[in-house]
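This is what each chain is made of:
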Amino acid sequence: MKLVIAFFVGLPLLAQVTHERLLNAEKEPGNWLTYSGNFAGHRFSPLQQINDTNASQLQPAWVYQSNSLQKFETTPIVVDGVMYISEAPSHVTALDTKTGRPLWKYRRPMADDIRVCCGQVNRGVAVLGDLVYVGTIDAHLVALDAKTGAVRWDTTVADYRAGLSITVAPLAVKDKIVVGIAGGEYGIRGFLDAYDAKTGKLAWRFWTVPAAGDPEAKTWAGESYKNGSAATWVTGAYDPETNLLYWGTGNPGPDWNGEVRAGDNLYSDCLLALDVDTGKLKWYFQFTPHDVHDWDATEVPVLIDAEIRGQKRKLVLFPNRNAFSYVLDRTTGQFLMGRPYAKQTWATGLDDSGRPIRVAGTSPTVAGTRVWPSVAGANNWYSPSFSPKTGLLYVAAREAGSVYFFGKADFKAGEQYNGGGFRSIPGEEEWGAIRALKPTTGEVAWEHRLFTPPYAGVLSTAGNLVFGATNEGQIFALNAATGKLLWRFQGGGLVRSNPMSYLSEGKQYVAMALGNSLYVFHVR
Amino acid sequence: MFWLATLLLFQTPPPVLDLPARNPHTTSADLADGKQLYQGRCAGCHGPEGSGGKGANLAVPVLPRAADDRSLYRIIRYGLPDTEMPGSLMDAREIWQTAAFVRSLGSVSAAPVAGDTRNGERVLRGKAGCLQCHALGNEGGRAGPSLTGIGARRGAAHLRAKIADPASEVHESFRMVQVTTRDGRTVRGTRLNEDSWSIQLRDAAGAFHSLWKEEIAKLVSERRTTMPPYRDRLNEQELTDLVAYLSAERGAQ
């Protein structure tokens, strides 16, 4: 009798996603437990059933069609045969990983006065224990029962009427759910939050923009910090050894009018290193002080240990929207290396501390100023990938510039606070590439040219593959060592997502949202 | 297609817009601000006086796509899908000010275009031979852009410049491509689409061709036009009359 009870009690415990399991994600390569596949932000799959010898035989196993016509940006999470995806605006669906058939659906009714700059999108869910977590476009954090989709708790993070929303995939660390905020075009006061995973109670909040009297307020002219934005809309990384959370922050508000906010504008366009237990700032590094081009530092930090300047160090790699790829010491935040990985015309270089040396005359003007990279950057929210097998950092790089306009900036709560605008450069031939960078030097090992600047992330695998996607509807696989094209598939829609890989009943699949559908590929 | 990348930040309009039915920013100060915004962001395609270019002729009393103020606001804010008209991140007041200036363009340029439209039609069908390549209603060819309703889209000055010297500006969708394949074939035509690994074109006879880039030894792609310059083919009166006829061509109403 005792044995039987132990069996029934033990089974659900086995299915729980513990912090231990998240820490050791590489020990269960058939699952994909966090947004980036591991806490280090690698977006690397150790699976190799699909590899450079058979990738040419990849074909769709199943397709899941979303009803939403918004951009489909989700990265699926896979736990023990079940896939959890978010769908625009704030829905969650559990799918059978083998057949693509839905197991349950959470459908959130949405207000019709949502304020977002760039689409009612969502980039994915987090899992911990027996719960699935989703941030919503009306700025709530919701915990769902992983078996049924029933709401366990629903916490209001912010008031969406003021232009705050959640598009980021939360990150589950220890007993907390970390979630960032979007709204950088609405003059919000940005922050990063951690909630108690069981109850939904706020554990800590780190304000990315100061309050009156804070020392950082001196980096903003007058009271301009009050609408300083610095949103936190892309999932960060975590290192259990430093116990630090690494999270990027967005542009200062207003985007293109820097005159109203003279100063460096902390902590906009920064990488923050926060103690995950307390939310206390350990260090920060600001990539673009006093940004006037909307170059959010909301990219995925990539944590690796490698030798640099003759010494093995704990590093964080950061290919930034401003077209420089950075290497920092992730214990101290010390700048170690920075180098352009795409065309840029705004800085002659970086000084010894990593601060950009700006080119005069690159600020937006009423008549328009041409600057590279474009407003969407040389990189954006979509993920890079690091392969421990090849030792290369893969980036979907964008070769484009913008004409930047300066405009008036009058703040009104709930309305866009841009102070200007932009357009593409007339007659410019924009293009892009998947680039493999040597992580500590920034040198390009190879590139695969793309017809237009991509806006989708990459996945590398132990099968010597790099997966990516184009604006013209293709998902493709490259040889991770050489960049040679091995496979392509035309899915007929824009791709605004990241690829991932998993096992179902021992067989490898690769999944990526394309158009309004989730495509899942395998080799028969 | 090619321009989608520039639309990334605009996307679809929200389902409900709390917009006033009439433009609330139409004072002379608003118009002055709107003119400045227009010159920076719109004039490149629509021309400084709004008489059109790559973009539509805005110097018309009624904008075909924006009869009311809300429609004009939405076009400036969100752009027009499947055209090169992008959206904008200007704030609400700036959009209204720009809209006010755009409306003012229509009231100053309503004067009829000089010239004899009946003679213009004779030139179009006879000496100039426009319909060999251009469609007009159900007639004409398809190598060049359609002339149906051209007067509503393009200003007279722009039409005159384009007829006299067509190479002055060639639309992205009339890019000429010459492809030589690895097995020695040569295909010439208008590029209809292109991506990282393939290209699709239509040759002068109207046949479609689709090629993988890996099959291609040489690809020459240029914004070029097969339309000859009419500066020396038509006399001044014929050119004036042809422009008058095209300006009056407003399509089926």
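Residues numbered from 1 in each chain as written. Chains lettered and ligands numbered in written order. Predicted model: local features only at pLDDT ≥ 70, side-chain atom pairs only at ≥ 80, totals over all residues. Heavy atoms only, no water.

Novice: Which parts of the structure should I look at to understand the overall build of chain A?
Specialist: The helix and strand inventory of chain A stands at two helices and 38 strands. Computed over the C-alpha atoms, the radius of gyration of chain A is 22 Å, within 12% of the 24 Å expected from 2.2 N^0.38 for a compact globule of 524 residues. Each of the three principal axes of chain A carries a C-alpha extent, and together these read 75 × 50 × 50 Å. When contacts within chain A are restricted to residue pairs at least 6 apart in sequence, long-range pairs at least 24 apart make up 59% of them. Accessible surface, chain A as shown: approximately 17500 Å² in total, 53% of it carbon and sulfur. Of the charged side chains in chain A, 50 are positive and 49 negative; the average position of the first set lies 3 Å away from that of the second. (Helix = DSSP H or I, 4+ residues; strand = E, 2+ residues; numbered from the N terminus. Rg over C-alpha atoms; globule rule 2.2 N^0.38 Å. Contact = heavy atoms within 4.5 Å. Areas by Shrake-Rupley, 256 points an atom, 1.4 Å probe, with all protein chains shown as cover. Lys, Arg positive; Asp, Glu negative; His and termini not counted. Charge placed at Lys NZ, Arg CZ, Asp CG, Glu CD.)

Novice: I would appreciate a short explanation of the overall build of chain B in the present structure.
Specialist: Helix and strand counts for chain B come out as eight helices and seven strands. Taken across its 253 residues, chain B has 45% of its residues classed as buried. The contacts of chain B with a sequence gap of at least 6 include a subset with a gap of at least 24, amounting to 59%. In the form shown here, chain B has an accessible surface area of approximately 12900 Å², with 53% of it arising from carbon and sulfur atoms. (Buried < 20%, exposed > 50% of the residue type's maximum accessible area, 1.4 Å probe, protein only.)

Novice: I tried to follow the sheet that holds strand S25 (residues 369–371) of chain A on my own but got confused; where do I start?
Specialist: With antiparallel pairing, three strands are arranged side by side in an open sheet as S25-S28-S29 (chain A). Bordering the open sheet on either side are S25 and strand S29 (420–424) of chain A, each of which pairs with just one other strand. For this sheet the average axis-to-axis angle between neighbouring strands, irrespective of direction, equals 30°. Bridge count for strand S28 (residues 402–406) of chain A against S29(A) is five bridges, and the pairing is antiparallel. The partner of A:Tyr404 across the bridge, within S29(A), is A:Phe422. Helix H1 (residues 28–41) of chain B contacts S28 and S29 of chain A of the sheet and is inclined by roughly 30° relative to S29(A). (Pairing = 2+ DSSP bridges. Axes fitted to C-alpha atoms, helices over the stretch in contact; angles between N-to-C directions.)

Novice: How should the packing of helix H5 (residues 117–125) of chain B against helix H8 (residues 236–248) of chain B be read in this particular structure?
Specialist: Think of two packed helices as two axes; the pair is described by the angle between the axes and how far apart they sit. Residues and elements named next belong to chain B. Contact pair H5 / H8: the axes reach a minimum separation of 7 Å and the direction vectors enclose 100°. Considering their axes alone, H5 and H8 lie roughly perpendicular with respect to each other. Every residue of H8 that contacts H5 at Thr117, Asn119, Gly120, Glu121, Val123 and Leu124 is listed here: Glu238, Asp241, Leu242, Ala244, Tyr245, Leu246 and Ala248. Across the contact of H5 with H8, the residue classes tally to seven nonpolar, three polar and three charged. (Parallel < 35°, antiparallel > 145°, perpendicular 65-115°, else oblique. Nonpolar A, V, L, I, M, F, W, Y, C, P; charged D, E, K, R; others polar.)

Novice: Teacher, can you tell me more about the pattern of salt bridges here?
Specialist: Two side chains of opposite charge can pair, provided their charged atoms sit close to one another. Under the criterion given, the structure shown has 39 salt bridges over all chains. Between A:Lys314 and A:Glu241 there is a salt bridge; the shortest N-O distance is 2.9 Å. Of this pair, A:Lys314 sits in strand S20 (residues 311–319) while A:Glu241 sits in the loop between strand S15 (237–239) and strand S16 (244–248), and the two are 73 residues apart along the sequence. Residue classification places A:Lys314 among the buried residues on the basis of a relative accessible area of 19%. The partner of B:Arg93 in a salt bridge is A:Asp410, and the shortest N-O contact between them spans 2.9 Å. Placement of B:Arg93 in helix H4 (residues 92–108) and of A:Asp410 in the loop between S28 and S29 is noted, with the two residues assigned to different chains. Of the residues examined, B:Arg93 reaches a relative accessible area of 23% and is grouped as partly exposed. The class for A:Asp410 is partly exposed, based on a relative accessible area of 45%. Among the charged side chains, a salt-bridge network with shared partners connects A:Asp239, A:Glu241, A:Asp305, A:Lys314 and A:Arg330. (Salt bridge = Lys/Arg side-chain N within 4 Å of Asp/Glu carboxyl O.)

Novice: Where do I start with the sheet that holds strand S30 (residues 431–437) of chain A in this structure?
Specialist: Backbone hydrogen bonds hold the strands of a sheet together, and the pairing may be parallel or antiparallel. All names here are of chain A. The four strands are arranged S26-S27-S30-S31 in an open sheet whose pairing can be described as antiparallel. Pairing within the sheet leaves two strands with one partner each, and these edge strands are strand S26 (385–387) and strand S31 (444–450). Ignoring strand direction, the axes of neighbouring strands in this sheet form an average angle of 25°. In the sheet, strand S27 (residues 392–399) pairs with S30 via seven bridges, with the strands oriented antiparallel. Residue pairing in the sheet places Ala397 in a bridge with Ala433 of S30.

Novice: I tried to follow the interface of chain B and chain A on my own but got confused; where do I start?
Specialist: A common measure of how large an interface is: the accessible area buried when the components associate. Taken together, the contacts link 32 residues of chain B with 44 residues of chain A. Both sides together, the interface formed by chain B and chain A hides about 3200 Å², and carbon and sulfur atoms give 53% of it. With its nearest N and O atoms 2.9 Å apart, the salt bridge here joins B:Asp33 to A:Lys408. Here chain B is connected to chain A by six residue pairs in polar contact (both at pLDDT 80 or more). Listed by contribution, the elements that provide at least two residues to the side of chain B that touches chain A are H1, H4 and strand S4 (186–194) of chain B. Per-element accounting of the side of chain B that touches chain A gives the leading share, four residues, to H1(B). Within the side of chain B that touches chain A, the residues separate by chemical class into 13 nonpolar, six polar and 13 charged. (Buried area = accessible area lost by both parts, 1.4 Å probe. Polar contact = N/O pair within 3.5 Å; in protein donor to acceptor, adjacent residues only side chain to side chain.)

Novice: Is there a simple way to think about the state of the cysteines in this case?
Specialist: Between two cysteines, a covalent bond joining their sulfur atoms is known as a disulfide. In the structure shown here, the tally under the stated rule is one disulfide over all chains. Note that A:Cys117 is cross-linked by a disulfide to A:Cys118, the S-S spacing being 2.1 Å. When the S-S torsion is -105°, as for the bridge of A:Cys117 with A:Cys118, the disulfide is left-handed. By relative accessible area, which is 15% here, A:Cys117 ends up buried. Taking the relative accessible area as the measure of exposure, A:Cys118 reaches 14% and is therefore buried. With no disulfide of its own, B:Cys42 has B:Cys45 as its nearest cysteine by sulfur position, at a separation of 8.9 Å. Look at B:Cys42 and you get buried, because its relative accessible area is 16%. Its relative accessible area of 31% is what places B:Cys45 among the partly exposed residues. (Disulfide = S-S within 2.5 Å.)

Novice: Sorry, what's going on with the confidence of the model for chain B here?
Specialist: For residues with low pLDDT, the predicted coordinates do not support detailed interpretation. Residue and element names in this part refer to chain B. Of the residues in chain B, 90% have a pLDDT of 70 or more, and the chain-wide mean is 84. Between residues 1–11, whose pLDDT stays under 50, and residues either more than four places distant or in other chains, the model counts 40 contacts. Interface confidence for the predicted complex, given as ipTM, is 0.84, next to a pTM of 0.88. (pLDDT = per-residue confidence, 0-100.)

Novice: Looking at this model, I keep getting lost on the side chain of A:Thr74. Mind explaining?
Specialist: Residue and element names in this part refer to chain A. Within the element layout of this structure, Thr74 appears in the loop between strand S2 (58–65) and strand S3 (77–79). For Thr74, the side chain forms a polar contact with the side chain of Ser86, separated by 3.1 Å. The residues contacting Thr74, other than those within four sequence positions of it, are Ile85, Ser86, Asn122, Arg123, Gly124, Ser497, Asn498 and Ala513.

Novice: Looking at this structure, how should I read the pairing of strand S22 (residues 335–340) of chain A?
Specialist: In the sheet, strand S21 (residues 324–329) of chain A pairs with S22(A) via five bridges, with the strands oriented antiparallel. When the bridges of S22(A) are listed, A:Val327 appears paired with A:Met337.

Novice: Sorry, what's going on with the packing of aromatic side chains here?
Specialist: Each pair of aromatic rings is reported with the distance of its centres and the angle of its planes. Residue and element names in this part refer to chain A. Considering all chains together, one arrives at 31 aromatic pairs over all chains under this definition. Here the aromatic rings of Phe191 and Trp207 are separated by 5.5 Å at their centres, their planes lie at 80°, and the arrangement is edge-to-face. On the criterion of sequence distance, the pair formed by Phe191 in strand S13 (residues 191–196) and Trp207 in strand S14 (residues 202–207) is long-range, its members being 16 residues apart. With a relative accessible area of 34%, Trp207 lands in the partly exposed category. Ring geometry for Phe489 against Tyr519: centres 5.4 Å apart, planes inclined by 55°, an arrangement best described as tilted. Taken together, the positions of Phe489 in strand S35 (residues 485–490) and Tyr519 in strand S38 (residues 517–523) put the pair 30 residues apart, joining distant regions of the chain. For the pair Phe489 and Tyr519, one class covers both residues: buried. Cluster of aromatic residues (ring-pair linked, three or more members): Phe285, Phe287, Trp295, Phe318, Phe324, Tyr326, Phe335, Trp346 and Tyr404. (Phe/Tyr/Trp six-rings, centres within 6.5 Å; stacked < 30°, edge-to-face > 60°.)

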